[in-house]
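Structural overview
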Amino acid sequence: MSERQTFAPDAAALERLGEEAMRRLPAEFRAYLKDVVLRVEEFADEAVLRELGLEDPFELTGLYSGRPIGEQSSMLSGELPPMIHLYRRPLLDEWVETGVGLEDLITHVIVHEVGHHSGFSDDDMHAIEDAAG
C-alpha cells in the first residue's frame, strides 16, 4: 500500500479557485471585475502592511489595489490594471482555523475587496456571495 501525502494548495491552485469564484458571481457584479487582475502572493509586503497599520501579515487575506472601479478610464495609460491580491498563507490559516470552505473564503475576499471599492453595502455583498453559491 502506498502512502499518500496531502499538500496545501499552491498559488496556482488558489488562482484557479479565485477565477472560478469570479465566474460564479452574478453578472451584474462580474461587470465590476471586467479589467481586474487576480494575483496570488504568499503575504502582503511590508509597505502594504505598514500603510494599513498592520503588524501581523496573517491579518490580511486580500486587498484591492488600483484606481477605484468607477474612476477607471482608458485615457489613463501607463497605470497598472486594478488588482485583487489574494494572500495565500493568511487564507490557508483562516481556512484551517474557521473550517469555512476555501472556495467560500476566496469568494468572500473577492466580493468584499471589490465591493468596498464600488460602494456596495455589507448586505449587498452578502447577497452577492449567497448568489454565487
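In what follows, the structure referred to is the one given above.
A brief structural summary. Small disclaimer: the values here were computed from a predicted structure and weren't measured. (Residues numbered from 1 in each chain as written. Predicted model: local features only at pLDDT ≥ 70, side-chain atom pairs only at ≥ 80, totals over all residues. Heavy atoms only, no water.)

The strand order E1-E3-E2 describes an open sheet built from 3 strands, whose pairing is mixed. Looking at strand neighbours, the two that pair on one side only are strand E1 (37-41) and strand E2 (62-65), the edges of this open sheet. Shown here is a sheet whose adjacent strand axes are inclined to one another by a mean of 20 degrees, direction ignored. Helix H1 (residues 11-24) contacts E1 and strand E3 (83-87) of the sheet and is inclined by roughly 150 degrees relative to E1. Here helix H4 (residues 88-98) sits on the sheet in contact with E1 and E3, set at roughly 55 degrees to E3. (Pairing = 2+ DSSP bridges. Helix = DSSP H or I, 4+ residues; strand = E, 2+ residues; numbered from the N terminus. Axes fitted to C-alpha atoms, helices over the stretch in contact; angles between N-to-C directions. Contact = heavy atoms within 4.5 Å.)

Our next topic: the pattern of salt bridges. Scanning all chains against the criterion turns up 3 salt bridges. Where Asp35 meets Lys34, a salt bridge forms, and the shortest distance between an N and an O atom there is 3.7 Å. Residues Glu41 and Arg39 are paired through a salt bridge, measuring 3.8 Å at the closest nitrogen-oxygen approach. (Salt bridge = Lys/Arg side-chain N within 4 Å of Asp/Glu carboxyl O.)

So, on to the nonpolar core. If you look at the biggest cluster of nonpolar residues, it comprises 25 residues, and the most contacted ones within it are Leu25, Leu33, Ile84, Leu86, Ile106 and Ile110. If one sorts the elements of this core by residue count, helix H5 (residues 102-118) sits on top with 7 residues. Ile106 has contacts with Leu14, Leu17, Gly18, Leu86 and Leu91, leaving out every residue within four places of it along the chain. Core analysis: the next-biggest nonpolar cluster, separate from the first, contains 6 residues, Ala44, Val48, Leu49 and Tyr87 among them. (Core = buried A, V, L, I, M, F, W, Y, C linked by side-chain atoms within 4.5 Å. Buried < 20%, exposed > 50% of the residue type's maximum accessible area, 1.4 Å probe, protein only.)

Here Phe29 is to be found in helix H2 (residues 27-30). The exposure class assigned to Phe29 is buried, which follows from its relative accessible area of 1%. Sequence separation between Phe29 and Gly115 is 86 residues; the distance between their C-alpha atoms is 8.8 Å. Apart from the residues lying within four places of it in its own chain, the contact partners of Phe29 are Val111, Val114, Gly115, Phe120 and Ile128.

Before going further, it helps to examine the packing of aromatic side chains. For the structure on display, the rule yields 4 aromatic pairs. Centroid distance Phe29 to Tyr32: 6.2 Å. Interplanar angle 40 degrees. Geometry classified as tilted. Pairing Phe43 with Phe58 gives two aromatic rings, centres 5.0 Å apart and planes at 85 degrees, and the pair type is edge-to-face. With Phe43 in the loop between E1 and helix H3 (46-52) and Phe58 in the loop between H3 and E2, this pair connects stretches of sequence that are 15 residues apart. When its relative accessible area of 25% is taken as the criterion, Phe43 is described as partly exposed. (Phe/Tyr/Trp six-rings, centres within 6.5 Å; stacked < 30°, edge-to-face > 60°.)

The next point concerns the layout of surface pockets. What the second largest pocket holds in volume is close to 160 Å³. Lining of the second largest pocket is provided by Glu41, Asp45, Val48, Glu51, Leu52, Leu63, Tyr64, Ser65, His85 and Tyr87. Taken together, the elements giving at least two residues each to the lining of the second largest pocket come down to H3, E2 and E3. The residue makeup of the lining of the second largest pocket, split by class, is 5 nonpolar, 2 polar and 3 charged. (1 Å grid on protein atoms, 1.4 Å probe; cavity = no way out; pocket = protein on both sides within 12 Å on 5 of 7 lines; lining within 4 Å. Points joined across faces, edges and corners; volume = space filled by probe spheres on them. Nonpolar A, V, L, I, M, F, W, Y, C, P; charged D, E, K, R; others polar.)

Here we come to a negative patch on the surface. A surface patch of negative charge is lined by Glu15, Glu19, Glu20, Glu103 and Asp104. Mapped by element, the contributors of at least two residues to the negative patch are H1 and H5. When residues in the negative patch are grouped by element, the largest group, 3 residues, is from H1. When you line up the elements, Asp104 lands in helix H5. (Patch = residues over 30% accessible without salt bridge, like charges linked within 9 Å, V, L, I, M, F, W, Y side chains within 5 Å. Areas by Shrake-Rupley, 256 points an atom, 1.4 Å probe, with all protein chains shown as cover. Lys, Arg positive; Asp, Glu negative; His and termini not counted. Charge placed at Lys NZ, Arg CZ, Asp CG, Glu CD.)

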